[in-house]
Amino acid sequence: MSTDSTRTALQLNALFSAASGMTLLLVPARLFESLGIPGGAPLVAMAVGLMGFAVWVWRVAAGDVLAPSTLLIVVLDVFWVVGSALALITGSPRLTPGGRLLVGAAMGIVGLFAVTQAAGWMQARTPSALRTAARGLQLIAVASALIGVAAAVPGGRRTYMTDRVVASGPES
């Protein structure tokens, strides 16, 4: 990996974030609600936040990709992945199978961006002995993307937490 691949990963992250934000604004909220994704103000806030994030990430990609701001982007991407994983695991919000697939796919894509950006940053700043570890992170990124998609696939047993009561049962 080089600064060029880190720059490309940042640019793709910015484009994906902008496209996601525009989709949230332009697609009718009732479609997202039919997937179990809350509409209204939370959806608009997420859309605006994603578009602002996209502009910032694009600006970072246009500058010095070895600056600390690249690592901050990685941290924010990791927070997105963790939040998505918690939504899938806890069942809150109550996502439909289509909603789980959408959240899981986005989680996998953002996870790939995070690891690719981090690996590129580390490889450019560390001696060759540590570059092998950065390559390992790339493998973890692929695994995280596959896990995100697998977690989103409907079927099997799930645990739902509602009003402090945990009920386990087959997918309805």
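Residue positions within a chain follow its written sequence, with the count starting from 1. Since the coordinates come from a predicted model, pLDDT governs what is reported: local features require at least 70, and pairs of side-chain atoms require 80 or more to be given and counted, while whole-chain, interface and lining totals use all residues. The side-chain values count all of the structure's non-hydrogen atoms but skip hydrogen atoms and water molecules.

Asks: Before we go on, may I ask you to explain the overall build of the protein in this structure?
Replies: Looking only at helices and strands, the protein features six helices and two strands. Put simply, DSSP H or I for four residues or longer makes a helix, DSSP E for two residues or longer makes a strand, and each gets a number counted from the N terminus. Taken from the N to the C terminus, the helices and strands of the protein come in the order α-α-α-α-α-α-β-β. In the protein, of all internal contacts separated by at least 6 residues, the share reaching a separation of at least 24 is 66%. Roughly 9,400 Å² of accessible area belongs to the protein as shown, and the carbon and sulfur atoms make up 72% of that amount. Throughout, a contact is declared for two residues whenever any of their heavy atoms are within 4.5 Å. Exposure was quantified through the Shrake-Rupley algorithm and a 1.4 Å probe, taking into account, for residues, occlusion by the shown protein chains and nothing else.

Asks: It is not clear to me how helix 1 (residues 3-26) should be interpreted in this structure. Could you clarify?
Replies: Every α-helix winds through 3.6 residues per turn, so residues three or four apart in the chain are directed the same way. Expected helix span is computed as 1.5 Å times (number of residues minus one). Over its 24 residues, helix 1 runs 34 Å from end to end, which matches the ideal 34 Å to within 8%, given 1.5 Å per residue. Packing partners of the buried residues in helix 1 comprise helix 2 (29-34), helix 3 (41-62), helix 4 (68-90) and helix 5 (97-125).

Asks: Would you explain the side chain of S84 in this entry?
Replies: Within the secondary structure layout, S84 lies in helix 4. Leave out the neighbours within four places in its chain, and S84 touches V103 and M107.

Asks: Whenever I open this one, the confidence of the model for the protein confuses me. Can you help?
Replies: Should the pLDDT be low somewhere, the predicted coordinates at that spot are not to be read in detail. Taken over all residues, the pLDDT of the protein has a mean of 81, while the share at 70 or more is 72%. Residue-level confidence of the predictor is summarised by pLDDT, bounded by 0 at the bottom and 100 at the top. Helix 3 holds the highest mean pLDDT among the elements of the protein, 95, whereas strand 1 (residues 157-162) holds the lowest, 44. Residue range residues 156-168 is modelled with pLDDT below 50. Its contacts to residues more than four positions away, or to other chains, number 26 contacts.

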